[in-house]
Amino acid sequence: MIPAAFTYRRASSVDDALALLAEHGEDAKLLAGGHSLLPLMKLRLAVPEVVVDLGGLPDLSYVEDRGDSVAIGALTRHHDLATSELLGREVPLLAHAAGTIGDPQVRHRGTIGGSLVHGDPASDLPAVALALDAVLVVRGPAGSREVPATEFFKDFFETAVEPGELLTEIRIAKRGGQGWDFQKFTRRAIDWAIVGVAVAGDAVALVNMGPKPMRASAVEAALAAGASPAEAAEHAAEGTSPPDEHNASAAYRQHLAKVLVRRALENARAR
Ligand SMILES: Cc1cc2nc3c(=O)[nH]c(=O)nc-3n(C[C@H](O)[C@H](O)[C@H](O)COP(=O)(O)OP(=O)(O)OC[C@H]3O[C@@H](n4cnc5c(N)ncnc54)[C@H](O)[C@@H]3O)c2cc1C
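Keep in mind the model is a prediction, meaning the values are calculated, not measured.

Chemist: Is there a simple way to think about the pattern of salt bridges in this case?
Modeler: In this structure the tally under the stated criterion is 18 salt bridges. The partner of D124 in a salt bridge is K184, and the shortest N-O contact between them spans 2.8 Å. Placement of the pair is D124 in helix α8 (residues 124-131) and K184 in strand β11 (residues 180-185), with a sequence separation of 60 residues. With a relative accessible area of 5%, D124 lands in the buried category. Notably, a salt bridge pairs D191 with R188, separated by 2.6 Å at the nearest N-O pair. Here R188 falls in the exposed class, since its relative accessible area comes to 53%. Look at the salt bridges and you will find they share partners, linking E64, R66, E146, E169 and R171 into a network.

In structure tokens, the structure reads:
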């Protein structure tokens, strides 16, 4: 449980971080809250030669009102999302889901950017970003580009962020009075979800139901065709390939997805 030796570099600005990435190429890894990267390094599943710490960049930690949307800096910690008055009013799904992550220690260190770029299908915020149709701003040597959340999660722990790039901002349209809900079934309070469901209006996304965070397309299609929440939820397992391991079988997760999608849709419509 001791990481391999590495060189520690502390970035002084976003440009400095990009320069360090350019200098060290694929040997370098960015460090945000460290709550996903450091466990991987301790297990030696990640063995970066250089760790570039973003922790000293206060200009990437914010929740800002941009008129029709809310902009969130990539280094904003889960605790700050959960307690943001602006998010609580305009994007309550994100504030609520952030408050269910891990325990207070994890929420005070982990960042939204780290969670999204890590791309773990068992994490909560990727599914929330999908349900909210978030836009992710990725910066690299050639400038910034905007990536819709639906195109961001490529495969198992793989996202649209290329080597040499970093995620700087997440933009989400204000939701006003739109119905929403977040369901997370865990064995113990602090655990990752066995299955989770994020609902924003008629957009539905699933946690831990495949190799990458995913929208429940068959459920959304059924809703668009006029199905009730109960009828639409019967489609929740379509197109999924959940993990089959000691915490829960794939069949159990597929059953659970139907139950939680129904519950989430009914709660969302009741708000
Ligand atoms: C005990 C425990 C319980 C947890 N429970 C949950 C849970 O219930 N639900 C949940 O969703 N998560 C959970 N997590 C994960 C937690 O949310 C992590 O904080 C999060 O997944 C990663 O964020 P981080 O800031 O710590 O990223 P880091 O670990 O610092 O980085 C993760 C990855 O993202 C990259 N990266 C980080 N920031 C950027 C950026 N701005 N641009 C480009 N690349 C970047 C890093 O290079 C690394 O590859 C838990 C973690 C622990 C340790």
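Chemist: Sorry, what's going on with the site of the ligand here?
Modeler: Taken together, 28 residues surround the ligand, and among them L30, G34, H35, L37 and T111 come closest. Contact between the ligand and S36: an oxygen atom at 2.8 Å from a main-chain N or O atom of the residue. In the environment of the ligand, an oxygen atom lies 3.1 Å from a nitrogen or oxygen atom belonging to the side chain of K184. About the coverage of the ligand: the protein hides 92% of its 970 Å² of free accessible area. The set of elements that each furnish at least two residues to the shell around the ligand consists of β2 (28-31), α7 (112-118) and β10 (166-173). Looking at the shell around the ligand element by element, the count peaks at four residues for α7. Taken together, the residues that form the shell around the ligand break down as twelve nonpolar, twelve polar and four charged.

Reading the values: the criteria
Residues numbered from 1 in each chain as written. Predicted model: local features only at pLDDT ≥ 70, side-chain atom pairs only at ≥ 80, totals over all residues. Heavy atoms only, no water. Salt bridge = Lys/Arg side-chain N within 4 Å of Asp/Glu carboxyl O. Helix = DSSP H or I, 4+ residues; strand = E, 2+ residues; numbered from the N terminus. Buried < 20%, exposed > 50% of the residue type's maximum accessible area, 1.4 Å probe, protein only. Near = heavy atom within 4 Å. Polar contact = N/O pair within 3.5 Å; in protein donor to acceptor, adjacent residues only side chain to side chain. Areas by Shrake-Rupley, 256 points an atom, 1.4 Å probe, with all protein chains shown as cover. Nonpolar A, V, L, I, M, F, W, Y, C, P; charged D, E, K, R; others polar.

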